[in-house]
Amino acid sequence: MKITLLKSLLLLGAFVCFAAVQAQTVSGTVSDSSGPLPGASVVVKGTSNGTQTDFDGNYTLNDVAGDATLVFSYIGFASQEVSVNGQTTINVTLQEDATALDEVVIIGYGQTTVKDATGAVASVSAEDFNGGVISSPEQLIQGKTAGVQITQTSGEPGAGITLRIRGTGSVRANNSPLFVIDGVPVTNEAVSASGSDIGAGSSGPRNPLNFLNPNDIESMSILKDASATAIYGSRGANGVVIITTKSGKGAGVNGQWNFTTNLNIAEVRETYDLLTTEEFIDAGGANLGGATDWQDFIFRSTASTDNNLSYALNYGKGNVRATFGYAKQFGIIEDTELERITGRINANHRFFDDKLRVGLQATVSRINDQAPFVSRTSGSTGDLLAASLYSNPTLAASPSLSAAPDRNPANLLAFYQDLANTNRFLGNLSLEYSFTDEFSAKVNLGYDTSESERTQVVGPQIIALNNGAENNGRAALNNLETENRLVEVTFNYSKEFENSNLDALVGYSFQDFNRSGQNILGQGFGTKNLNEISNVISSSFEDTRNIVSGYQAYGIGVFEDQPDLGSQFRVLNLSPQPNITTADFNGIPIDALTVDTFDFTDELQSFFARVNYTLKDKYLFTATVRADGSSRFGGDNQYGYFPSAAFAWKLNEEDFINDEAFSTLKLRLSWGITGNQDGLGYGQFLNRTRWGRLNADALGISANSQITAPATLEVAFANPELKWEETAQYALGLDFGFSNDRLTGTIDFYRRETSDILLNLPAVQPATAPFAFQNVDGVIVNQGVEIGLDYDIVQNDQFYWNANLNFAYNQNELTDYDGPDILAGQVYGQGLSNAFVQILTNGSSLFTYNLRNVDQDLNVDTDPSIQDENGLPTMNAGFSTTASYKNWDASLFFTGQFDFHVYNNTANALFALPQVGSRNNLQSVIDSGVAPSSQNPSTFFLEKGDFVRLQTASIGYNVPLSSEGALKSLRLSLTGQNLLLITDYSGPDPEVSTTDIPGSTGGIPSAAIDYLAYPRPRTVTLGVNVTF
Amino acid sequence: MKRSIKFLSLFFLIPLIFSCTDLEIEPTDSLITDGFAGVADVQSEVTNLTNTIAGGDLGNQNGLFALNEVSSDEYIVPTRGTDWGDNGRWLAIHRQTWAPDLFDITQAWQQLNSITINATRVISPKSTVTAGGDINIQKAQARFYRAWAMNWILDMWRQVPYRDIDLPNSAIPAVLTGQVAIDSIVADLNAAITDLPSVSAGNGIDMKSTPTKAAARHLLAKLHLNKHVYLGSSPDAADMQVVIDNVDAITADGYELAAPGDFFDIFRPSNDVETIWWSPADAGPKTWLTLHYNQNFPGFNDGGGWNGFTTLAEFYDLFEGPSETNYPGDGQEERRGVVHDPSTANEDNLGIGLGFLINQQYEQDGTPLDARDNVGGVPLVFTRETEQAEFTSPADNSTLETSGIRMFKYHPNEEGGDRRRHIVRYRYADAFLMKAEAMFRMGGDATAMINELRTRRGASVLGTVDAADLLAERGREMYQEQTRRQDLIRFGQFLRAWNLKDATDETRQIFPIPIADVLANPNLTQNPGY
C-alpha cells in the first residue's frame, strides 16, 4: 500500500517536474556520517510544508516551488539549508552539531535536549568517556561533571564505587543514586555474594554494575536536581544516573563490525619507605636471618587485556547491535583477578507503518573474581596488606614460618583462597505504539536476575587465626540469588498549539526485588588442599540441602548445648512456629557444618505523571508527581508522594537580550521533593522473628568446632511510624553561551534538605535486637554551587583545541538534630579496639572528626573533642583538555578534591613510634623520633587530604585508510591512568573510600579514613580500535 | 490492522496481571507476628542465655569485667607501646573518668538488658515448648539469669528498665528503681529457688554451669548485703539476717572452704568443694591478658601473653610475704601464689607462676626470661610499681613493657587447655565472707570466721577484725572475680586516690546511662554527674 503510494507520488513528481516554476516534488535521502537518518525533518523554508524522513532516511515533499529553499534538521545535528533550483532529488548529509546544547539528553521516561531541559541534567556521551582500564560504568564519567563525586573504594579490580551527587544526604550504608539501564531501574544492593568473616575481618561489597561492559554504553545522563529526579520519586533523593546502551542506529545498512582490544600494564604507584633488613636490625629489631621485602613480595606488575567485538546494522525498519566482550584484569596484589565475559544485544524494530516500535535489550555476563586476604576491618594482627607493612624484613618468605602472634604474609598468601563467580542477566522488552500523532503508549518489561557464589577457604596450615581455623581449616560458602522484575506502562500525549507545546506523560510501574541464598560455614575437613576443602563444603551442602525442607537453618555436628549427644543434624524450622527437628544423615566429611538461608522480596508500586509546557519557545514549565508505595513501610506510611516543579526561561530568545553577545542564555528554577529508603533493609516495620544470634548467622562454629546453641531473635520490631526519608531540593541554574556557543557554561545553585532521617539507632533497652531503624528529627543540609565551562580555544579544519572545567562546592551540615551524638568512623589496628574518630552531632558536617587535640609540644588531651575538620571534600574539580591535529589527538584530564581531612589510620595503627623494633616501620618515623604521648586517635594523625590527580593522559592516532579497503577505520591509542598525584598527604593516596565500614555503630558510614586501602595502580593502556 | 489492535490490546493488558499489589511482605524469611508468640524452644533459649553470659562483653575482659575490676584498685591497664591504648578506654576506667559513650558501658548495658528481655521471653506463659528437659527448671534458670542481669544493672546504674513483652514494641519500657527493683529481683530468685535443682558440693561440676538453688541463694545474699547501698540507707539487720540465712542454706548443701593447698584448684575445670556456679567462658582472656608476650605455651600459644593488665603495688601489699619477690618459699600466704624460679620451673607449669607475678620471670627450663628484643631485651622483671601509664618517648618502651605485677588465677596449662571454657562466677568463700560481713554489720564479731578462712589459706590469724580488715580479706580472697568495685563501694573506699588515679566524687559510684536510652526512654533519668 505504502509502496504503491510512494511510486505514484514519484510518477506524479516526474510529471509535474516539467511544470518548471510551478510546484514540483522533491525527494532524496538524508543521512549522517554513518548512514541513513530516519526521522529527520525536511521543511520548505518560510512555510509549514514539511515532512520527516522514513526509516531508510528517504523523504518526498510535494508542492515545492522551484526557487524554494529546503531546511533539513535533526536533533543533535546542525541544520542545513539547500536551494531547490529545480532539482528533484536532493540528498543531504547532516553534520553533527558542534554545540553541545542541541545534544539529546535522556531523562526519566523520555528525552529532551540540553537547550530545552528545565532541570539540572548532565549528559556524558561515549566520546567523552574516560579511557584506560575501566571496570565499571561509573568510572567512565569520573570527574566529568560538576557536583558528582565518584570514588573507587580501592584499587582492587571490581571494587565498589561510591558516587555522590550534590553531597551526602543520608546516614546509612547506601547513598548511591538510582541507576536506570535502558529504562530498567536496577537495585543498588550487591549482586555478588558477600564474604563471611572467617578470621580476617570483613571485606567490602563488589560493585553491582561491574556486569555492564563499559564499551556498550552510549551515554550516561546524570539527573541532579529534584525536578529531574522526582519522576523517580522515592528513589530520586540521591540523584539518578540513566545509562543508555549503544544501538545499531548509526551503523548503516551494510552492517559494521568493530573490534577493540586493550593491553593494560599496571603497577603499584607508590609503596611505603619501610626499613630495610639492616636498618631494621639497627633500630633494635630481632634478626631472624632472612631478608624479604614484603611489599615487593605481595605486589606485582601485571599485564591484562580487554577485548570487545561488536556488530551493528541499521536495516531500515530497525537496527540491531550485538557485542561480545572478554576482559581479564589482574590486580597488583598477588591472587587478585577479575574476569568478565559479557554478551549484549540491542535490537529495535518498527511495525505497522512505524506506529509500533519494539525494542529489546539484553545483557548476559559472567564475572569470576579472586581476592586476597585483604579486609577493611582487620584488627591488631591485620590482613595481608598490614602484614606486608609490619612484618619483620629478616623473616624469610616461607609460608610455614610462624610470626605469631603476628601474621606472616607468605602464610596468608599460600593458605587463603577466595573465589567468587557471578552470573547476571538484565533484559528489557519495550513496545511503544502511536495511536495518533499526539497519543502514544509504551509498555516496558524488565527482568534482572543474578546468581553468585563465593567460597572463602583458610587451610589448616594458616597461622595466627584464633577461631579454630588453625589445624582444622575453615571455609565459608555464600550463595546469593537476586531477581528483579519490572512492569511499566506509560501514556504520552503531545500537542503543538499555535505558540506553545504540551507534552504530558502518565505512568504506572511495578517492581519487585527478591533476594535469596545461603550462608554456609564449615570447619574441620581432614584435608589441607584448599580446592578440596572448597569442593567438600560445596558438595556437603548439596548433599544435605534436600534431606529436609522448610528450614531457615540447619547444623550438623556437636552442639554446645548437648555435647553429650555427639554429632547431630538439627534443623531449625520457622513454620508454623519456630521449631527444631532432627534428621538422619550419612556422615559428611566436615567436623561442623552450618547453613543459614534467607529469602525475601521487596515490592515497589508507583503512579507518576509529568507535564511539560512550552510557551513561545521561551518559557518552559515542567511539573511531575510520583506516588510510590513500598513494602518496606506499613500502615499510613506505605505510600509516599513526591512532587516537583520547574521553570526555565530562554532569555536569549527575548528581544532585550543581545543575541550577538549571548548565543545562549537560559535561567532555570526548580523545586521538588524526593524520597529515599535505601539501606533500610527488608521488613523493618513489623515484628519478625528468625533463628539467630546478635549480628550473626543462626548457628556459628566455635574454635573447638562445636556449633552454638540455637535461639530465636526478634530481628525487627513493630514500628508502624517508620516512614520515608524525604529530601526537598531548591535549585537555580543559568546556562550561557557566547560567540555562537564557542564558550558555553552552566552555573547552578542548590539547597537540599533531608529530613525524617532514617537512622539505625541503638534500640531502647531492653530490646532483643541492639539496633532499630527510626526516623530521627533533624535535617541534613547540602548546599552548594556547581560551575561548568567549555571553551573551544581553536576551531579550524586541521586543528581543534578544547578545554573543559567543572567545579563544585558543597557544604554539608546536620542541623535541628537533638538526638544523641553518635560515634562513627570506627578504626582498626593494634591498640585501637573500639576506637572511633568521627561523630554525628548537631551543627556539624557529616564525618566530622572527634579526636584528642595535640598541641605543639605533642601533649595529648585525655578526651576527644569535636573538631572543625571533616572527611567530606567541600570542593571537587575536574579539568580536561583535548586537542586534535589532522589524524592525531591528545587529551589530559585532571581531577581534584579540596578542603577535607583524611585520618591516617595506617600511620596510627602501624607506624606509631612505640612500635619501632617490634614491627617494621617507616624510616621517616625513626628519623623524626617524634611521637605524641599516646597512640590514641588524635589530631596528630589528621592530615589535609587536598589533591590533584592526573587521572588520564592519552594520545591517539586515526590511521588514514583508503575508502576502498576492508577497514573503515583504525585507531591506535595510548592511555595512562593515575600518572601523577599532587598532594601534601603523607600516605600513598588521600582519595580513600567514603563508605560503610561495618562496626558496632549500626552501619553509620564513615569517610576519609585511610587504612590499608588496596592501592590504586598506575596503568598504561595500549588500545586498538578497528571498524570494518 | 485489526489483528494488530488485538495483539496490542493483549500486550497492554499484561501489566494488569501485576498491577495494584497490596505491597504486603510474605513470611518467606522470618516469622511475622502481631506480638510476642512464645519462644520456639525453651531449652535452647536458656542455653543461649548461658552462652550470652559466658560470651561477649559479659564474659571476656571488656564490659562487665573491665567496669568492675579496672575501675578499682585491683587492676590498671597501662598503654604498652601502642598496645592497650584502645582510645583511652582502660585509663578512663581506671581513673573513673568515663563518659556515657564509653564502649564498655554501652556494651555492658546493652548485653545485660538483652539477658533480661530474652529471659522474660522464656519466662512468659506463652513459651510452652521445649525440645527436652524439664520446662519448669528451664524457666527457673531463666528467672535466675534475669535476676542476675537486673542485679548488675541495679548495681551499676540504679535504674532497671523492664519491657513488658506483651505490649507493643513502641511502648516505652518501664524503669524499676530502689525497693521496687529489689522486690522484683527477690521475687524472681524466690520463684527460681522453688524449681531449681538442689545441687550439693559433691555433685558433678557439670551440674554447676547452670543455675542451682545454691547459686540463687548466693545472689539473694549478695543482693541483701548491698541493698542499703542501692537504697542509700544504712545496713538493716533484717537484710543481714537474709544474708546469713541464705549462706547457711548454701553451707547445708555441703559447700565449704577448700582445704589448705587447694586454693588455685578451685579455678580448674574439675570439681571442688567451693564452686557454686561457673560459666563456660573463655579462660584465655583471664590468663593471657596479664602475661608477657614471652610467657608462652609452646604448641598451644606460641605468641604468648597479651601483656596488658597489672595490679597495683598497694593491692599486692595486702598479702603476707616479702614485698619484692614471690618465689617459692618466700613466706607468702597461699593466695598470693608463686613465681616459678629455676628450682620449680618445669614443662608442666611452663615456668609460669600463678597468683601474683613479680620480679624476674623464668622459662620452663629455668632460663631467665627477657623482654622483647625491640625494647633492648632487658630482663623480664615485673616491677612493683606501674609508674606511668602512657608512652612519651622511645625510652619508655622497656619500662612500659615490663612494668607492674601480674595477677591472675587461671593457669594456662590445665585440663582443657589455655582456652578452656570455665570461669568461676560464684563460690563458697564469697558466701562465707558475706556471712562474716553481715554478722559484723549486725554488730557481731567476724574475727573467728575471718581467721578460719585465713588459716585455710595459710595466712596468720588476726587479733581483731574491723571494716578495713573485712575489705582487705575480701580483696585477698576474691581478686579477679568481679567483686572489687562493689566491695570498695560498700566499704566507702571506691572514690579514694590510688596509683595513677586521683580522688573522685561520689557520682562515680554509679555509671552513666547510655545517652541514646536517656533520650529515647523518658522513664530514665541520667545519673547525677553525667
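Residues numbered from 1 in each chain as written. Chains lettered and ligands numbered in written order. Predicted model: local features only at pLDDT ≥ 70, side-chain atom pairs only at ≥ 80, totals over all residues. Heavy atoms only, no water.

Colleague: Which residues make up a nonpolar patch on the surface, and what values do they have?
Modeller: Residue and element names in this part refer to chain A. A surface patch of nonpolar side chains, about 610 Å² in accessible area, is lined by Leu263, Ile265, Trp888, Ile955, Leu974, Val1020 and Leu1022. Take Trp888: it is sitting in strand β47 (residues 888-898). Note on Trp888: relative accessible area 46%, which makes it partly exposed. (Patch = residues over 30% accessible without salt bridge, like charges linked within 9 Å, V, L, I, M, F, W, Y side chains within 5 Å. Areas by Shrake-Rupley, 256 points an atom, 1.4 Å probe, with all protein chains shown as cover. Salt bridge = Lys/Arg side-chain N within 4 Å of Asp/Glu carboxyl O. Helix = DSSP H or I, 4+ residues; strand = E, 2+ residues; numbered from the N terminus. Buried < 20%, exposed > 50% of the residue type's maximum accessible area, 1.4 Å probe, protein only.)

Colleague: How would you explain the interface of chain B and chain A if you had to name every residue and give the values?
Modeller: Across the contact, 78 residues belong to chain B and 96 residues belong to chain A. Carbon and sulfur atoms make up 58% of the surface buried where chain B meets chain A, a total of about 7200 Å² over both sides. Residue Arg688 of chain A is joined to Asp29 of chain B by a salt bridge in which the shortest nitrogen-to-oxygen separation is 3.8 Å. The tally of links from chain B across to chain A stands at 21 residue pairs in polar contact (both at pLDDT 80 or more). Taken together, the elements giving at least two residues each to the side of chain B that touches chain A come down to α1 (2-18), β1 (31-33), α2 (42-54), α6 (103-123), β2 (159-162) and α18 (515-520) of chain B. In terms of residue count, the dominant contributor to the side of chain B that touches chain A is α6 of chain B (nine residues). The sheet contact formed by strand β34 (residues 687-691) of chain A and β1 of chain B spans three bridges and is antiparallel. If you follow Arg688 of chain A over to β1 of chain B, its bridge partner there is Ile32 of chain B. (Contact = heavy atoms within 4.5 Å. Buried area = accessible area lost by both parts, 1.4 Å probe. Polar contact = N/O pair within 3.5 Å; in protein donor to acceptor, adjacent residues only side chain to side chain. Pairing = 2+ DSSP bridges.)

Colleague: Talk me through the packing of helix α9 (residues 213-231) of chain B against helix α10 (residues 237-252) of chain B; I want residue IDs and the actual numbers.
Modeller: Residues and elements named next belong to chain B. Put simply, α9 and α10 touch, their axes get as near as 8 Å, and they point 160° apart. Taken as axis vectors, α9 and α10 run roughly antiparallel relative to one another. Regarding α9 and α10, the two cross each other, and that crossing is left-handed. Contact residues: Ala214, Arg217, His218, Leu220, Ala221, His224, Leu225, Lys227 and His228 in α9; Asp239, Met240, Val242, Val243, Asn246, Val247, Ala249 and Ile250 in α10. Within the contact of α9 with α10, the residues separate by chemical class into 10 nonpolar, four polar and three charged. (Axes fitted to C-alpha atoms, helices over the stretch in contact; angles between N-to-C directions. Parallel < 35°, antiparallel > 145°, perpendicular 65-115°, else oblique. Left-handed = near helix turned anticlockwise from the far one by under 90°. Nonpolar A, V, L, I, M, F, W, Y, C, P; charged D, E, K, R; others polar.)

Colleague: Before we move on, can you summarise the side chain of Thr754 of chain A with the specific residues and values?
Modeller: Residue and element names in this part refer to chain A. Position of Thr754 among the secondary structure elements: in strand β37 (residues 743-755). You can call Thr754 buried: its relative accessible area is 1%. Excluding anything up to four places from it in sequence, Thr754 contacts Gly169, Glu725, Glu726, Thr727, Gly778, Val779 and Ile780.

Colleague: Which residues make up the environment of Asp596 of chain A, and what values go with them?
Modeller: Residue and element names in this part refer to chain A. Mapped onto the elements of the fold, Asp596 is located in strand β30 (residues 592-615). In this structure, Asp596 is in contact with Gly517, Gln518, Asn519, Gln552, Ala553, Arg690, Asp697 and Ala698, ignoring residues within four places of it in sequence. Only 2.9 Å separates the side chain of Asp596 from the side chain of Gln552, close enough to count as a polar contact.

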